[in-house]
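# Working through the structure, step by step
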Amino acid sequence: VFPDDIIYSADLFDLVKQCVIALPIFIPIETEKLFIKNEDRYSHLIENDDDLPIELKRKLAYHRHLNQQIIQSYSSVEYGKTIVFAIDQDHAVELTNLFNNAGYKAKYVISNSTESQIKEVIDDFKANRFDILVNVNILTEGVNYPDVKSIFLTRPTSSKILFNQMMGRALRGVKAGGTEEANIVCFI
């Protein structure tokens, strides 16, 4: 009855025209490869988009130049309400501190926070008490913050599904209570 088991399909551009989905504006930011100097053993993983080993993720999380580049990138454009996807819990705390030290209002949610802490932070974010919410795999799916204008992908992502889920946090269009455009800032 339904060819290819597809009952209904809508083109992405049609949904953007109808203001159901925000127009995604992709902003790739090339990062310097200083953190992998003398790390040839990781080059094939990076080139093949494989998941990175924990020790390399930690180097990324604490790479001062990379983290400063993230903060400076936010400062350079009016990104508005933003969700940041961090590498791990320590990275989330580090980025939050750097954003706050730069004069922005930022908070984080991580898995070792209590449910009441997470709820309080999320309620404050929904109420626009701060603009930058940093997280690690908590806000990838099942959340709806239509007024989010930007996503910062500061972590390596090899999964297309995960990438789409993270990107989707900012893609609510005007008809869905969201924005006309969504900034998808990818640190490469």
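Predicted model, so just to flag it, every value in this text is computed and none were measured. (Residues numbered from 1 in each chain as written. Predicted model: local features only at pLDDT ≥ 70, side-chain atom pairs only at ≥ 80, totals over all residues. Heavy atoms only, no water.)

## Brief notes about the environment of I21
- Structurally, the position occupied by I21 is in the loop between α1 (12–17) and β1 (23–29).
- Expressed as a C-alpha distance, the spacing of I21 and V174, which sit 153 residues apart in the sequence, is 7.4 Å.
- I21 has contacts with L12, L15, V16, L171 and G173, leaving out every residue within four places of it along the chain. (Helix = DSSP H or I, 4+ residues; strand = E, 2+ residues; numbered from the N terminus. Contact = heavy atoms within 4.5 Å.)

## Quick look at the environment of I184
- By the element assignment, I184 lies in strand β6 (residues 181–187).
- The sequence separation of I184 and K149 amounts to 35 residues, and the corresponding C-alpha distance is 8.9 Å.
- Residue contacts for I184: discarding those within four places in its chain leaves P24, I25, F26, I27, I151, L153 and M167.

## Points about the packing of aromatic side chains
- Following the criterion strictly, the structure yields eight aromatic pairs and no others.
- Here the aromatic rings of F99 and Y104 are separated by 6.5 Å at their centres, their planes lie at 75°, and the arrangement is edge-to-face.
- Between F125 and F130 the ring centres are 5.4 Å apart and the planes differ by 40°, which places this aromatic pair in the tilted class. With respect to class, F125 is no different from F130; both count as buried.
- Aromatic ring contacts, followed pair by pair, group Y74, Y79, F99, Y104, F152 and F187 into a single cluster.
- One residue, K81, lies across the ring of F125, its end atom 4.5 Å from the ring centre. (Phe/Tyr/Trp six-rings, centres within 6.5 Å; stacked < 30°, edge-to-face > 60°. Buried < 20%, exposed > 50% of the residue type's maximum accessible area, 1.4 Å probe, protein only. Lys NZ or Arg CZ within 6 Å of the ring centre and 35° of its normal.)

## Some words on unusual backbone geometry
- The backbone phi angle of C19 is positive, close to 65°, even though this residue is not glycine.
- Within the fold, C19 resides in the loop between α1 and β1.
- Exposure remark for C19: the relative accessible area of 32% places this residue in the partly exposed category.
- Phi at N128 takes a positive value of approximately 60°, unusual for a residue other than glycine.
- Along the polypeptide, N128 turns up in the loop between α6 (115–126) and β4 (132–135).
- For N128, a relative accessible area of 46% translates into the label partly exposed.

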